[in-house]
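Breakdown of the fold
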Amino acid sequence: MLTFDDVHFYYQKGEPIIDKLSFTIEAGEFVVMLGANGCGKSTIAKLMDGLLLPKGGQVRFKNLSTLNPADLIKIHEQIGVVFQNPEDQFITTTVMDEVIFGLENIRLPREDIRVRAEHALQAVQMEDYSEAMPHQLSGGQKQRVAIAAILAMSPQIIIFDEATSMLDPLGRKQVLSIIQQLHRQGMTIVHITHHMEEALLAERILLIHQGRLEFDGDPLTFFETVPVTDYQLDEPFALRIHKKLRPSVPLTADWKEMIRSEWSMN
Ligand SMILES: Nc1ncnc2c1ncn2[C@@H]1O[C@H](COP(=O)(O)OP(=O)(O)OP(=O)(O)O)[C@@H](O)[C@H]1O
Ligand SMILES: [Mg+2]
């Protein structure tokens, strides 16, 4: 559905940031993208929805290409991005206006706009805050409003670019639970994170290293075969516990269950 085809990108000529990057994300997948600071994850997120354009190769979404100016509006509508800092994302003065803003730009009938906005706020449990000022909300609430504004557009893919990294544990938990719920409902998710616990939620991990794809596969294979500390990443806490408790027992296919039961036993 979303394809990077030999994508090349630089900000300054001669200093490539993304190099010959190719992969496809299928509808309904839950992909976690990992990598050290500065490896190019946010650049990839921006290339995905056409905020940045490839200098070589192509980024395609279905039959659309970000290189085709006529396709860009459709791509923006169908691929939503939630960024790290919720403050940067607000333009209006109330939560409701924030959610409605994007809808007015696509010129829906007034009644549809209202209904869509209300549904989106309900989906993130922010319906009681529709008249609140975005800037007065907590970090987690702000991110939920940012997600609602995207949901209202009925996108096909949502990219979360470290959307949980500035939140306290409760805020993170709430946003993660929304991400998981959206995935269960069929939304395609790309979640960029430094929290390795969150990588355990994924069906597929993409590891980026110096603008290249270093690993593409399931979390079990990832944690068994990739020396994560070489990439400035930690092992998830639960996995460290498993290795300490039962170092000789390899992970099996039902490893998440295995770690869960070891964890509750001790
Ligand atoms: N607007 C820009 N102009 C010039 N260089 C940039 C710009 N944005 C990013 N870079 C550089 O491109 C490289 C990749 O940055 P990017 O933000 O994509 O990394 P990242 O993997 O998202 O890092 P982090 O984990 O810190 O968010 C870095 O070396 C960064 O300094
Ligand atoms: Mg980034």
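None of these values were measured; they are calculated from a predicted model.

**Regarding the overall build of the protein chain**
- Helix and strand counts for the protein chain stand at 10 helices and 10 strands.
- The C-alpha radius of gyration computed for the protein chain amounts to 19 Å, which stays within 12% of the reference 18 Å derived for 266 residues, consistent with globular compactness.
- Dimensions of the protein chain along its principal axes, counting C-alpha atoms only, are 60 × 45 × 30 Å.
- Look at the contacts in the protein chain between residues 6 or more apart in sequence, and 62% of them connect residues 24 or more apart.
- Carbon and sulfur atoms provide 50% of the accessible area of the protein chain, an area that totals close to 13200 Å².
- Across the protein chain, the mean location of the 25 positive side-chain charges is 2 Å away from that of the 36 negative side-chain charges.

**Observations regarding unusual backbone geometry**
- Although it is not a glycine, D6 sits at a positive phi angle of roughly 55°.
- Mapped onto the elements, D6 comes out in strand 1 (residues 2-10).
- On the basis of relative accessible area, D6 is assigned to the partly exposed category, the value being 42%.
- Located in the positive-phi region is E162, a residue other than glycine, with phi close to 50°.
- Looking at the element boundaries, E162 is found in the loop between strand 7 (157-161) and helix 6 (169-184).
- For E162, a relative accessible area of 13% gives the class buried.

**Here's the deal with the layout of surface pockets**
- Size it by volume and the largest pocket reaches roughly 660 Å³.
- Elements represented by at least two residues in the lining of the largest pocket include exactly helix 2 (69-78), strand 6 (79-82), helix 3 (95-105) and helix 5 (139-151).
- Ranked by residues supplied to the lining of the largest pocket, first place goes to helix 3 with 5 residues.
- Of the residues in the lining of the largest pocket, the class split is 15 nonpolar, 5 polar and 4 charged.

**Here's the deal with the site of ligand 1**
- Close to ligand 1 lie Y11, I17, A36, N37, G38, C39, G40, K41, S42, T43, E162 and H194.
- One nitrogen or oxygen atom from the side chain of N37 is found 3.0 Å from an oxygen atom belonging to ligand 1.
- E162 is positioned such that a nitrogen or oxygen atom in its side chain is 3.3 Å from an oxygen atom of ligand 1.
- Considered on its own, ligand 1 offers 630 Å² of accessible surface; in the complex 59% of this is hidden by protein.
- No other element matches helix 1 (residues 41-48), which puts 3 residues into the shell around ligand 1.

Thresholds, definitions, all that
Sequence order as written defines the numbering, with residues in each chain counted from 1. The naming scheme follows written order: chains are lettered A onward, ligands numbered 1 onward. Where local features are concerned, this predicted model is filtered to residues with pLDDT of at least 70; where side-chain atom pairs are given and counted, the filter is 80 or more; whole-chain, interface and lining totals use all residues. Working from all heavy atoms in the structure, the side-chain values ignore hydrogens and water. In this description a helix means any DSSP run of H or I spanning at least four residues, a strand means any run of E spanning at least two, and both kinds are numbered starting from the N terminus. Atoms counted for the radius of gyration: C-alpha only. Globule rule: 2.2 Å times the number of residues to the power 0.38. We call two residues in contact when some of their heavy atoms are within 4.5 Å. A 1.4 Å probe and the Shrake-Rupley method give the accessible areas. Residues count as covered only by the protein chains that appear here. Charged residues are defined here as Lys and Arg on the positive side and Asp and Glu on the negative side; His and the ends of the chain fall outside this count. Note on charges: their place is set at NZ of Lys, CZ of Arg, CG of Asp or CD of Glu. For every residue, the accessible area (1.4 Å probe, protein chains only) is compared with the maximum for its type, and the residue is labelled buried under 20%, exposed over 50%, or partly exposed between those bounds. Think of a 1 Å grid over just the protein atoms. A cavity is a set of points where a 1.4 Å probe fits yet cannot get out, a pocket is an open set with protein on both sides within 12 Å along at least five of seven lines, and lining residues have an atom within 4 Å of a point. Grid points are joined across faces, edges and corners, and a volume is the space filled by probe spheres set on the points. Following the grouping adopted for this structure description, the nonpolar residues are Ala, Val, Leu, Ile, Met, Phe, Trp, Tyr, Cys and Pro, the charged ones are Asp, Glu, Lys and Arg, and the polar ones are all others, Gly among them. Nearness here has a simple test: a residue counts as near a molecule or strand if at least one of its heavy atoms is within 4 Å of that partner. What qualifies as a polar contact is a pair of N or O atoms within 3.5 Å, subject to a donor-acceptor requirement within protein and to the restriction that residues adjacent in sequence count only when both atoms come from side chains.

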